[in-house]
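# Topology and contacts: notes
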Amino acid sequence: MDDLENQSSQVIDDLNEMHGLRKGAHNPRYVQPRLSLLGKPVYRPRKDPRYRLFQTKIFNFLERPKSWKAVLYHFCSFLFIFCCLVTSVLATFAQYEKPMTQVVLILEIILSIWFSVEYGLRLWSVGCRSRYQHMKGRLQFARRPFCVVGM
């Protein structure tokens, strides 16, 4: 029985070594999340390649529109802003003032929510670029003129 346990332990150690884990990583001490002195899990940056790939796709979609879907999204954003501008101008005429005021209010609420979500996605997705990782990098990204104007 001891021979079987040693063999299984050796196989697990070999697999862990192949995947870059420490020897004895099958030990429950290594499986449990690391905790701070306050008992909260220690933050680890996400290294899952699918997470980074998704983050990169969102970043490229919003910052570098090359696919037809991204171009269509940005074109729709432009049209929505343009419609809001036209209704705002129409609301200044006496004959359209009453109905257009409600429309302008609704459009501006929708635009505010839409662009707040988009700005949040931009700040989150910029973490795929090494220069903008962590909070300091995201603040650096947020200070760019394009982002300040977009805010």
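Right, let's walk through the structure included here. (Residues numbered from 1 in each chain as written. Predicted model: local features only at pLDDT ≥ 70, side-chain atom pairs only at ≥ 80, totals over all residues. Heavy atoms only, no water.)

## Digging into the packing of aromatic side chains
Counting across every chain of the model gives 7 aromatic pairs. Arranged with centres 5.9 Å apart and planes meeting at 80°, the rings of tyrosine 51 and tryptophan 124 form a pair that is edge-to-face. One end of the pair, tyrosine 51, is in helix α3 (residues 49–63); the other, tryptophan 124, is in helix α5 (residues 97–125), with 73 residues separating them in the sequence. Given the relative accessible area of 22%, tyrosine 51 is considered partly exposed. With a centroid separation of 5.2 Å and 50° between ring planes, the pair formed by phenylalanine 80 and tryptophan 114 is classed as tilted. Remark: tryptophan 114 occurs in helix α5 and phenylalanine 80 occurs in helix α4 (residues 68–90); sequence separation between them is 34 residues. With a relative accessible area of 21%, phenylalanine 80 lands in the partly exposed category. In this structure tryptophan 114 comes out as partly exposed when scored by relative accessible area, which is 23%. Taken together, the ring pairs connect Phe61, Tyr73, Phe80, Trp114 and Phe115 into an aromatic cluster. (Phe/Tyr/Trp six-rings, centres within 6.5 Å; stacked < 30°, edge-to-face > 60°. Helix = DSSP H or I, 4+ residues; strand = E, 2+ residues; numbered from the N terminus. Buried < 20%, exposed > 50% of the residue type's maximum accessible area, 1.4 Å probe, protein only.)

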